[in-house]
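# Coordinate analysis (summary)
Next come the chains, spelled out residue by residue.
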Amino acid sequence: MKAPPASGSAARLLDPRARDALRRLEWRLHHRRAESLTSGGQRSIFRGRGMEFDQVVKYVYGDDIRDVDWNVTARLGEPYRKVFVEEREVTVFVVVSDEPALQFGSGALSKREVLLELAGFTMLLAALKGERVALLHRSPAGDRLLAPTRNRTRITGAVADLFSAPVPQPAGRAGFAATPVLPAGVPRGALVVWLGEIPGDPPAADWGASRQRHDMIAIRVEDEWERALPPQGRFMAYDPDVHAVVWVERTPAALAAHAAWRERRERIWASWWPESAGRLVVGMAGDPLDALVRFLRSRGRATRAGDARS
Amino acid sequence: MMEAYRLGAPWALLGLLLVPALLLWRYRRGGTPVWLVPYAAAWMPVSHAPSTRWRMLAVYLAIALLVVAAARPQRVDTRQEVVTRGSELVLAVDLSTSMLAEDYAGPAGPINRLEAIRPVIQAFIQGRPNDRIAIVVFAGRAYTLAPLTTDHGWLEQRIAALQVGMLDDGTALGDALGIALTQLEGSRAGGARPPPAASETTPGNAGAAFVVLLTDGANTSGTLTPPQATAIARHRAVPVYTIAAGRNGPVPFPVFDDAGQRTGTRQMPSSVDLEALQIMSAQTSGRHFAADDDEALEAAFADIDAAQKLEVQFRTELVVVELFAWAVVPALLLLLAALPLLRLGVAGPGALPKIRRGRVAGGSVRFAEASGGGPQLPWRLALAALFALVALSRPQWGSIEQAAYEPGGEVVIALDLSRSMLAADLAPSRMDHARRVATALVEQLPDHRIGLVGFAGSATLLAPPSRDPALLRAYLASIAPSHLRRQGTDLAALLEIAPTAFTEEAAARTLVVLSDGESESAAWRDRLAELRSGSIRVIGVGFGTAAGAPVPAEDGGWLRDSFWSFVQSRLDLDSLRGLAEGTGGAVFEAAVTADLVDQLRQAVLAAEDSQSITVAAGSRPADRFPWFIALALLLLAWSVAREWPARARLDRVPAAPAARLLLAGLSMVLLAGTLDAQVLAPPRLAPPVSEQEKEAFAAIIEVVAGLVEEPAPTAADYLRLAEVSAEYGLVHRGHAHPISEGVLHDGLAAVQVGRQLDAAIGDWDGVEARLRRLLEPPPPVPEDAGEADPANEPLDARRDAPVPQESPAEGEQDTEQPGETIEQERLRNVGGTRSDLYDPAEWRDPTLVMPLHLLEQIRGTASPAELFRATQAPAEPAAEPRRQLW
């Protein structure tokens, strides 16, 4: 689809819809949530639990009192605090798994739109915090990678590209395995934000080890129809997941099948992401960005609390 | 009634190819709309998609039905109406003063005999719509009120106008029967009769003609006596049904004072000559009825009605009934039944904008770039249904020429009856010339309703426009200037009558004025506007010459003016020309125009063409429903290709079924071809074959089979073959069916061979003569209103008969006018001579010579024209200032 060339920072954008979405995101970032997320000396919400202990430095006024290493302080007689490596260098690695199953929405927005918005928001937020940001956009058409960068313009461009990426054909998903298993090359210790659908099967045995290498957050979007059978019925539906045409009708058998399907999916979801703090399910009702911000904040507190305990 | 079915546009059946074409299309490219719903397959363990098979079958059936409807199925009703035409009857009604006797009980007190009889007769006439009926009225003399005619409406009018006292008093029973017999003589063409052999088997052929004689008295006057008339009737095998009206004995008569006011009743004796009536009916194998009250009267007529029914003629009539609605309505119903299938395509979560719409077709699924969008309404199907409904309402516009049409044009011939028409500058006289022209014109315009107006100093409608111009012919043959008392040439009087002479429903009106044009005044010019407003065209024909000729006077000399010099009557075309030009007609001069009748006919037709009303007469509105059905079909096919969901399958694109479908399509082409050939063949509209005919044919087959097996056929075998062949021919002709000539030729060949074998074995000559007669083309079967053409009628039969002397009254008139005798002869021949009734041989019967002679005497005096003159007298003012008018 052709589009008139945009101006300013969004000059590279092709799709006016993507441009609009980007502007909306930026506006929200700067005017509504930015203060609360970035104000003061609070640490980045992306800096959760330290990945690697670096050294102990002298405590100065203003440092988080929770980071004080009491052992060293007691031994040396003046306050010291712990310093972690990732504090200095965190890469927010956003993975968007653009599955055909995302092209659906029983409400005003499709799951894909919501998911891309979440991804873009995460990237822009990270850029605002001065983090290095990377993006892996996986789709049946192929993978696109934004190498980790702090360049705000490049990040914004990547978000715009993401928004204007062509919608993959629902039927052409041959060879596209949308598992959260990360490809090689993801920097060690990066914060991986994975956005996608629940995989069809439980993870393989080595998933736990690979997951340990990174700090991972999984975000998915759930439609009303996935929670309960649609009240509308009686139509032919194409299921891109299994490439089949079925007749959708609200029958008792269908209700039972739907419930069983949902339970199984939740189990698979939980088997991929066992920690509740590492997974987020965004509903179609309400504001997805709010949900994300709330999640990130609570996660930050939880990880810091966890650090404090350790 | 026989029915045949046919297709008006059989080539339209090629549209049946739509069905295989659509099947193929849908198999390859047809699809189902689907909605992109991830995981739906997991929710629906068993997919119970509605089956499309039966509903699509209904849709294809609907298409086929619409194709059939577009091919215009028609039912051709071959109505074989059995027309009870055999009854030609004459009603002879007594109008003597005794008919005033009030011995019948009416709804409001006693009514006289005529009043009682009138409705019964009218009902009788209405009950015999296929008969030709004549009416003879009699009192002191007998007159023909109406010659044999099928124009029954007019007959009833004449009966309604009957009055006692119209005629000189008396009861001329014999004359009445005689005149009635003369009416039957001049009635039927011989061709309508069954062949002679068949008539031999039905002795007397009695049902064909009969007389109903209605009287209330005994014979008191007249030329013929009842026994004499009865003898003629018996010889001619005409049954006479006699009805004696009223009671014998004293009956109440009305009493009138001098002013004609009814003052009361008086008992007077009434005597009906029952014996005479009984003898009349008994001798002619008729029946006698004594109708002394209402019920008996009606019963008498009902009996006659029942006794005289004879089925003679088949009339074949083609009625085409369009049957497309019988295909369109089921097609619509089938579509309605299949409609739920369509919901498969249009229903679903269409209102949700973020659910993508796609289409499963040809084994793959495709999604539109833009997601969402509301459900697409099946507008093609809706339009198709709409057009089908419009077609059901049978839209018609424009017009097509119709082969069988009813022009409905009316022509009124106005015949100048002034004395100057007797001038002999056109041989034999202007009058005769005009009469011949008029008679020939009537023959030339068989599709028209033709009436006759006579005019001189006044004008009278003699015969209203009718398709059965029997009365017109009767008048034309006998009317003479002496019949109109008031002399002169008053065109204004004619134009006053003329507009009323045409009937309301006349599509075109033409007044043909046959006159010598010496109009007394120019008052007719005031009436031109009236003619124009009635859209009456006038065609004038001027008779006479510019040189003129003297006018014969009544006393045998020549008319003289006040200076005692001969009146010289000259042709004056000015008034006729003025009339014609004022109404857009034409003028002809009889003396100089070649092919006058033909030109007249063309002028009449041209005048009708120029009248806007008649333009549509030859056409009927054209049916346009096939176009709408075709539109509906195309839209429906489009809808089937695009709107109707096919089976949603993602897993096959085989080729073999496609080939099979092509094969099916080809076979359907062939089928359509054969259907084509069948329906193109014209339906056989042969009349039903009777048992007799089947037997005759079976006999032939039997004999021929015998001949074939016989090694050496004998003369007897050949004779038998010839006889059965002749029998076959007779039977078939008797049923008015076409005869297979081969059979007759076989018979003739058998005669030749057989005669050589043994000439003495049988009547070879007789059989051969029968066969040869059957080989001649059958006489034309006349329509029910068909008069035989007098011009075609051989006069030999009449020429053979001794021509009796004219009656004295007639003689006076005729002496100066030699043409009159020819016209008298014409009168007798009007409608042709019924040779089987009028048999020259009957003159050889000594007992019949006297009655026949007397009958010839009264024959000429009983014409409608004479009746007109007889009844006209009182209406004319007696004291007219003496003027010379001609």
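If you're wondering where the values come from, they're calculated on a predicted model, not measured in any experiment. (Residues numbered from 1 in each chain as written. Chains lettered and ligands numbered in written order. Predicted model: local features only at pLDDT ≥ 70, side-chain atom pairs only at ≥ 80, totals over all residues. Heavy atoms only, no water.)

Attention now moves to the overall build of chain A. Counting its secondary structure elements, chain A contains nine helices and 10 strands. Classification of the 310 residues of chain A by burial places 51% in the buried group. Considering only intrachain contacts with a sequence separation of at least 6, the fraction spanning at least 24 residues in chain A is 72%. As displayed, chain A has an accessible area near 14,600 Å², and 52% of this comes from carbon and sulfur atoms. (Helix = DSSP H or I, 4+ residues; strand = E, 2+ residues; numbered from the N terminus. Buried < 20%, exposed > 50% of the residue type's maximum accessible area, 1.4 Å probe, protein only. Contact = heavy atoms within 4.5 Å. Areas by Shrake-Rupley, 256 points an atom, 1.4 Å probe, with all protein chains shown as cover.)

Adjacent strands of a sheet form backbone hydrogen bonds with each other and so pair up, either parallel or antiparallel. Residues and elements named next belong to chain A. The sheet built from six strands is open, its strands ordered β5-β4-β3-β6-β7-β10 with mixed pairing. Only two strands of the sheet have a single neighbouring strand rather than two, namely β5 (142–149) and β10 (279–283). Averaged over all pairs of adjacent strands, the angle between their axes in this sheet comes to 15°, without regard to strand direction. Sheet analysis places strand β6 (residues 191–195) next to strand β7 (residues 215–222), joined by five bridges and oriented parallel. Bridge pairing links Trp194 to Ala218 in β7. Helix α8 (residues 252–272) contacts β6, β7 and β10 of the sheet and is inclined by roughly 160° relative to β7. (Pairing = 2+ DSSP bridges. Axes fitted to C-alpha atoms, helices over the stretch in contact; angles between N-to-C directions.)

Facing the 32 residues of chain B at the interface are 44 residues of chain A. Taken over both partners, the interface formed by chain B and chain A buries close to 3,200 Å², and the fraction arising from carbon and sulfur atoms is 70%. Of all residues in chain B, the largest losses of buried area upon contact with chain A belong to B:Tyr39, B:Trp43 and B:Lys354, amounting jointly to 26% of the total for that side. Connecting chain B to chain A are zero salt bridges. Here chain B is connected to chain A by nine residue pairs in polar contact (both at pLDDT 80 or more). Looking at the side of chain B that touches chain A, the elements with two or more residues in it are β2 (31–36), α2 (40–43) and β16 (364–367) of chain B. Take the side of chain B that touches chain A: its biggest share by element is five residues, from β2(B). For the side of chain B that touches chain A, the per-class residue count stands at 26 nonpolar, four polar and two charged. Bridge count between strand β8 (residues 235–239) of chain A and β2(B): two bridges; the pairing is parallel. (Buried area = accessible area lost by both parts, 1.4 Å probe. Salt bridge = Lys/Arg side-chain N within 4 Å of Asp/Glu carboxyl O. Polar contact = N/O pair within 3.5 Å; in protein donor to acceptor, adjacent residues only side chain to side chain. Nonpolar A, V, L, I, M, F, W, Y, C, P; charged D, E, K, R; others polar.)

Glancing now at the environment of B:Glu643. All names here are of chain B. You can see Glu643 is positioned in the loop between α20 (625–642) and α21 (656–680). Between the C-alpha atoms of Glu643 and Trp379, which are 264 residues apart in sequence, the distance is 8.8 Å. Excluding anything up to four places from it in sequence, Glu643 contacts Leu342, Leu377, Pro378, Trp379, Arg380, Leu381 and Trp638. A polar side-chain atom of Glu643 sits 3.2 Å from the main-chain amide nitrogen of Trp379.

As a further point, take a negative patch on the surface. Residues and elements named next belong to chain B. Residues Asp292, Asp293, Glu295 and Glu298 make up a contiguous surface patch of negative charge. Relative to the elements of secondary structure, Glu295 occurs in helix α10 (residues 294–307). By relative accessible area, Glu295 is classed as exposed at 60%. (Patch = residues over 30% accessible without salt bridge, like charges linked within 9 Å, V, L, I, M, F, W, Y side chains within 5 Å. Lys, Arg positive; Asp, Glu negative; His and termini not counted. Charge placed at Lys NZ, Arg CZ, Asp CG, Glu CD.)

Further remarks concern helix α3 (residues 53–70) of chain B. Between the first and last C-alpha of α3(B) there are 26 Å, a value that for 18 residues agrees with the 26 Å anticipated at 1.5 Å per step. B:Arg72 lies just past α3(B) and shows a positive phi near 55°. (Expected span 1.5 Å × (residues − 1).)

Residues B:Leu91, B:Ile243, B:Ile413 and B:Val512 are the most contacted members of the largest nonpolar core, which totals 78 residues. Top element by residues in this core is helix α4 (residues 113–126) of chain B. It accounts for seven residues. Setting aside residues no more than four positions away along its own chain, B:Ile413 makes contact with B:Ala438, B:Leu441, B:Val442, B:Ile450, B:Gly451, B:Leu452, B:Val453, B:Val512 and B:Leu514. In this structure, A:Leu22, A:Leu124, A:Ile155 and A:Leu195 belong to the second largest nonpolar core, which totals 44 residues. (Core = buried A, V, L, I, M, F, W, Y, C linked by side-chain atoms within 4.5 Å.)

With that settled, consider the packing of helix α8 (residues 226–235) of chain B against helix α9 (residues 274–283) of chain B. Residue and element names in this part refer to chain B. It is the contact of α8 with α9, at a shortest axis distance of 9 Å, that shows an interaxial angle of 15°. Between α8 and α9, the angle is such that the two are roughly parallel. Crossing hand, α8 versus α9: right-handed. In this structure, α8 contributes Pro226, Thr230 and Arg234 to the contact, and α9 contributes Ile279, Met280 and Gln283. Residue composition of the contact of α8 with α9, grouped by class: three nonpolar, two polar and one charged. (Parallel < 35°, antiparallel > 145°, perpendicular 65-115°, else oblique. Left-handed = near helix turned anticlockwise from the far one by under 90°.)

A few words on the environment of B:Ala101. Residue and element names in this part refer to chain B. For Ala101, the location among the structural elements is in the loop between β4 (88–94) and β5 (104–106). Ala101 gets classed as buried once you look at its relative accessible area, which sits at 0%. As for Ala101 and Arg247, which are separated by 146 residues in sequence, their C-alpha atoms are 9.5 Å apart. Apart from residues no more than four positions distant in its own chain, Ala101 is found in contact with Ile111, Asn112, Arg113, Val251, Pro252 and Phe253.

Turning to unusual backbone geometry, a few remarks are in order. Residues and elements named next belong to chain B. If you check the backbone angles, Ser285 has positive phi at about 50° while not being a glycine. Within the secondary structure layout, Ser285 lies in the loop between α9 and β13 (288–291). Take Ser285: its relative accessible area is 59%, and that puts it in the exposed class. Even without a glycine there, the phi angle at Arg394 is positive, about 55°.

In this section: the confidence of the model for chain A. Interpreting fine coordinate detail is not advised for predicted regions of low pLDDT. For chain A, per-residue confidence averages 79 on the pLDDT scale, and residues scoring 70 or more make up 80% of the total. Below a pLDDT of 50 lies the segment residues 38–42 of chain A, which in the model reaches four contacts outside its immediate sequence neighbourhood of four places, other chains included. (pLDDT = per-residue confidence, 0-100.)

Residue and element names in this part refer to chain B. A contiguous nonpolar surface patch, about 350 Å² in accessible area, is contributed by Val329, Leu333, Leu336 and Leu339. Inspection of the secondary structure puts Leu339 in helix α11 (residues 325–346). Under the relative-accessibility criterion, Leu339 is labelled partly exposed at 34%.

All names here are of chain B. Strand β22 (residues 536–542) sits mainly inside the fold: seven of its seven residues count as buried. In β22, alternate side chains face the same way, and those of Ile536, Val538, Gly540 and Gly542 on one face and Arg537, Ile539 and Val541 on the other are all buried. Relative to β22, strand β21 (residues 508–515) is paired through seven bridges, and the arrangement is parallel. In the strand pairing of β22, Leu514 is matched with Val541. The parallel pair β21 and β22 is bridged by helix α16 (residues 528–533), and the resulting crossover is right-handed. Two strands pair when backbone bridges link them, and β22 and strand β25 (residues 586–589) are joined in this way by four bridges, in the parallel orientation. Counterpart to Val541 in the pairing with β25 is Phe588. (Right-handed = clockwise from strand over helix to strand, strands pointing away.)

Turning to the sheet that holds strand β8 (residues 142–149) of chain B, a few remarks are in order. All names here are of chain B. Pairing within the open sheet is mixed, and its six strands lie in the order β8-β7-β4-β9-β10-β13. Each edge of the open sheet carries a strand with a single partner, namely β8 and β13. Shown here is a sheet whose adjacent strand axes are inclined to one another by a mean of 15°, direction ignored. One ladder, built from five bridges, connects strand β9 (residues 209–215) with strand β10 (residues 240–245); its direction is parallel.

Let's shift gears to α4(B). Residues and elements named next belong to chain B. With 14 residues, α4 should reach 20 Å at 1.5 Å per residue; the first-to-last C-alpha distance of 20 Å fits that figure. Taken as a whole, α4 has its buried residues at Arg113, Leu114, Ala116, Ile117, Arg118, Val120, Ile121, Gln122, Phe124 and Ile125. Its side-chain oxygen placed 3.1 Å from the backbone nitrogen of Leu114, Asn112 serves as the N-cap of α4.

Moving on to the packing of aromatic side chains. Applying the stated rule across the entire model yields 15 aromatic pairs over all chains. Seen from their ring centres, A:Trp261 and B:Tyr39 are 5.2 Å apart, and the 40° between their planes marks the pair as tilted. With A:Trp261 in helix α8 and B:Tyr39 in the loop between β2 and α2, this residue pair bridges two chains. Here A:Trp261 matches B:Tyr39 in class, with each residue buried. Put simply, the rings of A:Trp194, A:Trp207, A:Trp269, A:Trp272 and A:Trp273 touch in pairs and so form one group of aromatic residues. Above the plane of the ring of B:Tyr39 lies A:Arg265, whose end atom (NZ or CZ) is 4.5 Å from the centre. (Phe/Tyr/Trp six-rings, centres within 6.5 Å; stacked < 30°, edge-to-face > 60°. Lys NZ or Arg CZ within 6 Å of the ring centre and 35° of its normal.)

Glancing now at the packing of helix α1 (residues 18–28) of chain B against α20(B). Residues and elements named next belong to chain B. Where α1 contacts α20, the axes come no closer than 9 Å and their chain directions differ by 20°. It follows from the interaxial angle that α1 and α20 lie roughly parallel. Read as a crossing pair, α1 and α20 show a hand that is right-handed. Between α1 and α20, the contacting residues are Leu18, Leu22, Trp25 and Arg26 on the first element and Leu633, Ala637, Val640, Ala641 and Arg642 on the second. Across the contact of α1 with α20, the residue classes break down as seven nonpolar, no polar and two charged.

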